[in-house]
Amino acid sequence: YTQYIYKVTQLINRNIGLLNQLFNPALVRRSLVTALIVGAILNMINQYDGIFGRTPILWGNLILTFIVPYFVSSISGMLTLRQFAKQHVTKSTSE
């Protein structure tokens, strides 16, 4: 029973740490900038006719074209931060 509680506590702490990393202000800011730039470029490519009034804009596609780069950038940044932290801990314990 004690081992179960310990494992659950570790899982909760790990998930809280992931959420803290995911909502890191610097990471959020960088992901928003990436999403705005990449999303705008992709929307110009994919919905050129809609943006310039020749066909209707597909609003679902437009929104997803901004959301996907945001999540890709956020997850990539979070994984990079975690890897950097692991390497930093490994180097400081070996010294």
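Conventions we followed
- Residues numbered from 1 in each chain as written.
- Predicted model: local features only at pLDDT ≥ 70, side-chain atom pairs only at ≥ 80, totals over all residues.
- Heavy atoms only, no water.
- Helix = DSSP H or I, 4+ residues; strand = E, 2+ residues; numbered from the N terminus.
- Buried < 20%, exposed > 50% of the residue type's maximum accessible area, 1.4 Å probe, protein only.
- Contact = heavy atoms within 4.5 Å.
- Phe/Tyr/Trp six-rings, centres within 6.5 Å; stacked < 30°, edge-to-face > 60°.
- pLDDT = per-residue confidence, 0-100.

## Quick word on the overall build of the chain
Phase 1: Scanning the chain from terminus to terminus reveals four helices and zero strands.
Phase 2: Beginning at the N terminus, the succession of helices and strands in the chain can be written as α-α-α-α.
Phase 3: When burial is assessed residue by residue, the chain has 16% of its 95 residues classed as buried.
Phase 4: Contacts spanning at least 24 positions in sequence make up 60% of the contacts within the chain whose residues lie at least 6 apart.

## Description of the packing of aromatic side chains
Given two aromatic rings, their pairing is described by the distance between the two centres and the angle made by the two planes.
Phase 1: Tallied over the full model, the rule gives two aromatic pairs.
Phase 2: Arranged with centres 4.8 Å apart and planes meeting at 50°, the rings of Y48 and F52 form a pair that is tilted.
Phase 3: Exposure remark for Y48: the relative accessible area of 40% places this residue in the partly exposed category.
Phase 4: A residue is classified by how much of its surface remains accessible, and F52, at 47% relative accessible area, is partly exposed.

## Some words on the confidence of the model for the chain
Phase 1: Averaged over every residue, the pLDDT of the chain is 84; the share at 70 or more is 79%.
Phase 2: Ranking the helices and strands of the chain by mean pLDDT puts helix α2 (residues 25-46) first, with 95, and helix α1 (residues 2-22) last, with 69.

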